[in-house]
2 protein chains.
Amino acid sequence: MVSQLGTMNVTVAPVDKFREFLLTKKMRLTPEREAVVTAIYSSHDHFDADQWIDSLAGRKGSMLASRSTVYRTLHLLQEAGLIRKVARANDREVYEHDYGYPQHDHLICKKCGDMIEFPNEMISSVLETVAKEHGFRMSGHRLEVEGICANCSRPPQRTHRKLDMI
Amino acid sequence: MVSQLGTMNVTVAPVDKFREFLLTKKMRLTPEREAVVTAIYSSHDHFDADQWIDSLAGRKGSMLASRSTVYRTLHLLQEAGLIRKVARANDREVYEHDYGYPQHDHLICKKCGDMIEFPNEMISSVLETVAKEHGFRMSGHRLEVEGICANCSRPPQRTHRKLDMI
DNA sequence: CTACGTGCAAAGCTTTTGCATGGAA
DNA sequence: TTCCATGCAAAAGCTTTGCACGTAG
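Calculation criteria
Sequence order as written defines the numbering, with residues in each chain counted from 1. Following the order in which they are written, the chains are lettered starting with A and the ligands numbered starting with 1. Where totals are concerned, whole chains, interfaces and linings use all residues; where local detail is concerned, this predicted model gives features only for residues with pLDDT of at least 70, and gives and counts side-chain atom pairs only at 80 or more. Values reported for side chains reflect all heavy atoms of the structure, with hydrogen atoms and water molecules removed beforehand. Here, nonpolar core means buried Ala, Val, Leu, Ile, Met, Phe, Trp, Tyr and Cys residues that are tied together by side-chain atoms lying within 4.5 Å of each other. Three labels apply to residues, based on accessible area from a 1.4 Å probe with only protein chains included: buried if under 20% of the type maximum, exposed if over 50%, partly exposed otherwise in between. Residues are treated as being in contact if the distance between any of their heavy atoms lies within 4.5 Å. Note: two strands are recorded as paired if DSSP finds a minimum of 2 bridges between them. Here a strand is any run of E in DSSP of at least two residues, a helix any run of H or I of at least four, and the numbering for each starts at the N terminus. The pairing test for Phe, Tyr and Trp rings, Trp by its six-membered ring, is centres within 6.5 Å, and the orientation test on the planes gives stacked under 30 degrees, edge-to-face over 60, and tilted for anything in between. Buried area: the accessible area, evaluated with a 1.4 Å probe, that two parts lose upon being put together, summed over both parts. What counts as a salt bridge is simple: a side-chain nitrogen of Lys or Arg found within 4 Å of a carboxyl oxygen of Asp or Glu. The residue classification treats Ala, Val, Leu, Ile, Met, Phe, Trp, Tyr, Cys and Pro as nonpolar and Asp, Glu, Lys and Arg as charged. All others, Gly included, are polar.

## Section: the nonpolar core
Judged by nonpolar contacts, the single largest core of 27 residues is most densely connected at Phe 18, Ile 40, Leu 74 and Leu 77 of chain B. If sequence neighbours within four positions are ignored, Ile 40 of chain B has contacts with Phe 47, Trp 52, Leu 74, Leu 77, Ile 83 and His 97 of chain B.

## A closer look at the pairing of strand β1 (residues 83–89) of chain A
Residues and elements named next belong to chain A. Note: β1 against strand β2 (residues 92–97), six bridges, orientation antiparallel. Looking at β2, one finds that Arg 88 is bridged to Glu 93. Linking two consecutive strands that pair antiparallel, namely β1 and β2, is a turn of two residues; a positive phi of about 55 degrees is found at Asn 90 within it.

## Notes on the environment of Gly 140 of chain A
Structurally, the position occupied by Gly 140 of chain A is in strand β5 (residues 137–148). Classification of Gly 140 of chain A by relative accessible area gives partly exposed; the value is 21%. When the C-alpha atoms of Gly 140 of chain A and Leu 127 of chain A are compared, they prove to be 9.6 Å apart, with 13 residues separating the residues in sequence. If we skip the residues at most four places from it in the chain, Gly 140 of chain A touches Glu 144, Val 145 and Glu 146 of chain B.

## Topic: the packing of aromatic side chains
Within this structure, the stated rule accounts for six aromatic pairs over all chains. Centre to centre, the rings of Phe 47 of chain A and Tyr 95 of chain A are 5.8 Å apart; their planes meet at 15 degrees, and the pair counts as stacked. Taken together, the residues Phe 47 of chain A in the loop between α2 (31–40) and α3 (49–57) and Tyr 95 of chain A in strand β2 connect sequence positions 48 residues apart. Classification of Tyr 95 of chain A as buried rests on a relative accessible area of 6%. Ring centres of Phe 18 of chain B and Phe 21 of chain B lie 6.4 Å apart, and the angle between their planes is 10 degrees; on these two criteria the pair is classed as stacked. Placement of both Phe 18 of chain B and Phe 21 of chain B in helix α1 (residues 14–24) is noted, with a separation of three residues, approximately one turn of the helix. Each member of the pair, Phe 18 of chain B together with Phe 21 of chain B, is buried. These aromatic residues form a ring-pair network of at least three members: Phe 47, Trp 52 and Tyr 95 of chain A.

## As for the interface of chain A and chain B
Taken together, the 32 residues of chain A in the interface contact 32 residues of chain B. Contact between chain A and chain B buries roughly 2700 Å² in total, counting both sides, with carbon and sulfur atoms accounting for 65%. At the boundary of chain A with chain B, the tally comes to zero salt bridges. Ranked by the residues each element gives to the side of chain A that touches chain B, the list is headed by β5 of chain A, at twelve residues. Partitioning the side of chain A that touches chain B into residue classes produces 17 nonpolar, seven polar and eight charged.

What follows is the structure in structure tokens.
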């Protein structure tokens, strides 16, 4: 059957893929692990551990997963190929979905911190060539392009407020 | 006059460039800062903070620069464009010279940790195109290609010892 | 005399780990 | 019963920072 997740070009939902992965390691898809996966796949934004710790372990009464479990699950999800580290911001690892979405890298604005995705077929093919030349078995890459985004490099021109006519 | 540093294609020695940079910030090239620069530029290997802390702050009697100073100087050297972060290994930032050497990126073996440099003109030009398309003012990039190096991917074939014939 | 620098030690932060408890098979 | 998992709290480990003292100009 086909996935009901419109934008994704996969047939197996992330949670299911994760379950499969866990099976191969004799591990279980616990409610906690499921909560983490669900949370992470509820949106396609970049994220770091803390975000989910806040929302999953934050509320005292109804904890969905503890800090430790979030971290532990993040590792598992990486192994499973469901997420990957894309950058490092504020001393935290930044992750993103790595399943069901086209390959891309990021332009990172060092002023506003915005991360702009761009497709990386060109780069991948260059890297494959390079790797082959070196007898290097490439398994992945991480490319952070640093600079100032269009918005932030606009001249002083005060940040558009309601009324912009003097 | 021309640099006496054979392999480098610069006319101003690193230390001097650093001094110039410091001047623009009303800072001084202290003996400690000089020691750090000298140490770092004594070889072209990749390095992390700890390496220099060990060798500069290690000996009790004759400390050349303290832990704090090494870290502080590393930041300055980055600002000055003399070094750059290239990767992250063992939870430490890995730096390399970023002055007087041709642009390149790295293939990083996740087995032995070896870092293989390769020229990146192709990649840079792709990135410049991409950046332009997004009105992004690129100032640099960091590319880590992960995989297994030729050496490590060779079949079991025991690591060549002295006698390799049975 | 004033501003810049340094070393020391303590603090900061994210991420990891040890341990006792709890639950699925 | 036997593992696999979790939460809590403490530990780890790199890097940063506050502070008091020195010292170049």
